[in-house]
Amino acid sequence: MLGTYYIVRIPEPSAEERREVASGFGFEAMAISMPSGYEKKEVRPVNKAYRDIQGWISSVGAGIAMNDIDGDGLANDLCITDPRTDQVVVTPAPNREGEPYAPFVLDPDPLPVTETMAPMGCVPGDFNDDGVTDLLVYYWGRTPILYLATERRPAEGGALTAESFEAVELLPSKGGPRYSGPLWHSNAAAVADFDGDGRPDIFIGNYFPESPVLDTTRDGGVTMNHSLSRARNGGGGEFFLWTEDGYVKSEAALPEELSNGWVLAAAAADLDGDHLPELFLGHDFGTSSLLHNRSEPGRLRFEEVTSPRDGTVPKSKLLGSTSFKGMGVDFVDLDGNGTFDFLVSNITTSFGIQESNHAFMNTAADREEARERFLDGDAPFVDRSTALRLAWAGWGWDIKAADLDNDGVPEVAQAVGFVRGKTNRWPQLQELAATNDALTANPMWWPNVELGDDIAGNQPLRLFARSDGGRFVNIADELGMDSPIPTRGVATGDTTGDGRLDMAVARQWGDPVFYRNTTESPGEFLLLKLCNESGGAAVGAEARVTLPDGTERLVHVDGGSGHSGKRSTEVHVGLGHDVGNTVPVHLTWRDQEGEVREERLRLSPGRHTIELGSEAREK
């Protein structure tokens, strides 16, 4: 038995290697200011049928986004969903210079509400094409709400307040003091120009099917997943297309066999160079999928693409076949060859549930080859997570790649941990993992997970950085990021304008935390604020930057990928230390008329604001 342990144990880097890699980074943990006067819960009130798994149902809802919300030109504002109060909070980053505004709660009034709704995440963006940052909030127990900015601040000399936003339904429903519309349970959102008309559309991913999950007066009318590996009785997803008169719910666009997944994560990026973003759906309990975008303006169409079977790769490592629990996703050019790879966060706990994270590397020679293979239904991606040492982290959630020391190579931050308590429930959970699928849909057959129970509750945030050998090493402990509190959302952005990306983390049933980047000798950087002619973020616009060593980094304006963490919409590339006066930058985008444009520039290191219309114009 001892010999078997040494054979199957996960390889760990030495303490010396961790210290050496960590020596190039520095972070200071800072408290985030939150409104006072709100009673804080420790667990969610739930449907009586869920009372024995109340802790499980209470395991999501902490979300965080970082962006320029107040219009001062810096991504120094945070939008936080807090399950302890079920409030959506807008607050300044704690390292913000000057006189900050007071944190405040977004008010859904005059829209109807109930006590059975709870916010799950917040996505900043310009949703009415006026050049001012609005906020999209998605919920359990109702459809999403758009909080539209009513005026520009602080350019007019005033502070950002709750009155700076007006609540508007994304999906119009019946009026009245109490909400009576569809009972969506949304856990993911992705904003991208899915139909190629030059305007950002919205995807909302739902977890539970429509049901009274948080209604404490009901006993039943709810379900769990009917499989732990191929569940297809969940809430699925809905698309909303941009129109001049507001967003309109699209006709069904997902392939039928994927339309009822248990969605925890979603991300969009153009993988084949046609400026129609592909969509990855992270489904809990298996069936996570990559969808090739074949849409036209006003008409959405997606087709699943899968990895070919060759007998040498385990089924669970193949796109379209994995049975793992897809919890988070992020597109990133991980190997510097000018094409997008992507990371998927799953459950990985030794002697608990040992699945694997994924690092799907793009094997196509170029994007033209990728498109040809997509049209044949083939996904040119191979999982390299084991070789890169990204396969194992814990009970994973959000995952984000970002170059935190500006050396030209991205780091990877991953939120982990499930339910924190004192009573170990791993044995019962392992019994569930072996349960017949015919039983799992009924909550009665699930092991008790109540307040005070623990499953992976002491797992700290992970931060992976590359060693000289090319593999990733977790350096969170060495940097003081090892608080044993379950985390959910990760957001990154440059809050001070110095080119060093800061990081904010949402914790489930704990205070959110802000990590100020104090790296002493970072490389130079290129930070691009790519905006459309209206002034909003040009979601989906791409920059291909050639680094001094000849490698390329492909980055794009991310409209909101992952689980519950949303990065700034500014584009950031680390350039390293040996940089000349300028670097080559190839910009491609769709203008607001839907035409694909491109321009090649040489830009000096530092910050640039570029308006993308019929041409690229620096402002």
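Residues numbered from 1 in each chain as written. Predicted model: local features only at pLDDT ≥ 70, side-chain atom pairs only at ≥ 80, totals over all residues. Heavy atoms only, no water.

With an unreviewed UniProt entry as reference, the chain is termed CRTAC1 family protein, source organism Streptomyces spiramenti.

1. Focus on the sheet that holds strand β4 (residues 87-92)
Neighbouring strands of a sheet are bound in pairs by backbone hydrogen bonds; such pairs are parallel or else antiparallel. As a reminder of what qualifies: DSSP-based pairing: two strands are paired if at least 2 bridges between them are found. Where helices and strands are cited, they refer to DSSP runs of H or I of at least four residues and of E of at least two residues respectively, numbered from the N terminus.
Strand order across the open sheet formed by five strands is β5-β4-β3-β2-β34, with mixed pairing between neighbours. The open sheet is flanked by β5 (104-105) and β34 (565-566), the only strands paired with a single partner. Two elements, strand β3 (residues 77-82) and β4, share six bridges in a ladder whose sense is antiparallel. When the sheet's bridge partners are listed, Ile-80 is paired in β4 with Val-89.

2. Some remarks on the packing of aromatic side chains
To keep things clear, this is the line we draw: Any pair of Phe, Tyr and Trp rings, taking the six-membered ring for Trp, is counted once the centres come within 6.5 Å. Such a pair is stacked with planes under 30 degrees apart, edge-to-face with planes over 60 apart, and tilted for the rest. Think of it in three bands: residues with accessible area under 20% of the maximum for their type are buried, residues over 50% are exposed, and the middle band is partly exposed, with areas taken using a 1.4 Å probe on protein chains only.
Counted by the stated rule, this structure contains 25 aromatic pairs. A centroid spacing of 4.9 Å and a plane angle of 75° characterise the contact between Trp-56 and Phe-418, whose relative ring orientation is edge-to-face. In this pair, Trp-56 sits in helix α3 (residues 54-57) while Phe-418 sits in the loop between β23 (411-416) and β24 (423-424), placing the two residues 362 residues apart along the sequence. For Phe-418, a relative accessible area of 4% translates into the label buried. Their ring planes at 70° and their centres at 5.2 Å tell us that Phe-342 and Phe-381 sit as a pair that is edge-to-face. Within this pair, whereas Phe-342 is found in strand β19 (residues 341-345), its partner Phe-381 is found in strand β21 (residues 381-383), the two being separated by 39 residues in sequence. Classification of Phe-342 as buried rests on a relative accessible area of 1%. Grouped by ring-pair contacts, the aromatic residues Tyr-50, Trp-56, Trp-140, Tyr-207, Phe-208, Trp-262, Phe-285, Trp-395, Trp-397, Phe-418, Trp-426 and Trp-446 constitute a single cluster.

3. Regarding the sheet that holds strand β39 (residues 616-618)
Here is the rule we go by: Interaxial angles span 0 to 180 degrees and are taken between N-to-C directions of axes, which are lines fitted to C-alpha atoms, for helices over the stretch in contact.
Taken together, the four strands give an open sheet; going across it, the order is β35-β31-β38-β39, and neighbouring strands pair in mixed fashion. Where the open sheet ends on each side, the last strands, each with one partner, are β35 (571-576) and β39. Adjacent strand axes in the sheet meet at a mean angle of 30° when their direction is disregarded. Strand direction decides the pairing type here: strand β31 (residues 524-531) and β35, joined by five bridges, are antiparallel. Bridge pairing in β35 places Glu-524 opposite Gly-576.

4. What about the pattern of salt bridges?
What counts, and what does not: Note on definitions: salt bridges are taken to be side-chain nitrogens of Lys or Arg within 4 Å of carboxyl oxygens of Asp or Glu.
A complete count under the given rule lists 35 salt bridges for this structure. Here Asp-86 ties to Lys-41 by a salt bridge, and the two come within 3.1 Å at their closest N and O atoms. Of this pair, Asp-86 sits in the loop between β3 and β4 while Lys-41 sits in the loop between β1 (27-31) and α3, placing them 45 residues apart in sequence. Judged by its relative accessible area of 23%, Asp-86 falls in the partly exposed class. Judged by its relative accessible area of 25%, Lys-41 is partly exposed.

5. Re the state of the cysteines
Condition: Our working definition of a disulfide is a cysteine sulfur pair at a distance within 2.5 Å.
Inspection of every chain in the model, using the stated rule, returns one disulfide. Residue Cys-79 pairs covalently with Cys-122 via a disulfide, S to S 2.1 Å. Measuring the twist about the S-S bond at about 100°, one finds the Cys-79-Cys-122 disulfide to be right-handed. In this pair, Cys-79 sits in strand β3 while Cys-122 sits in strand β6 (residues 118-125), placing the two residues 43 residues apart along the sequence. Residues Cys-79 and Cys-122 agree in their burial class; the two are buried.

6. Observations concerning unusual backbone geometry
With omega at 15°, the peptide bond leading from Asp-109 into Pro-110 counts as cis. Here Pro-110 shows up in the loop between β5 and β6. Although it is not a glycine, His-275 sits at a positive phi angle of roughly 60°. For His-275, the position within the fold is in the loop between β14 (262-269) and β15 (278-284).

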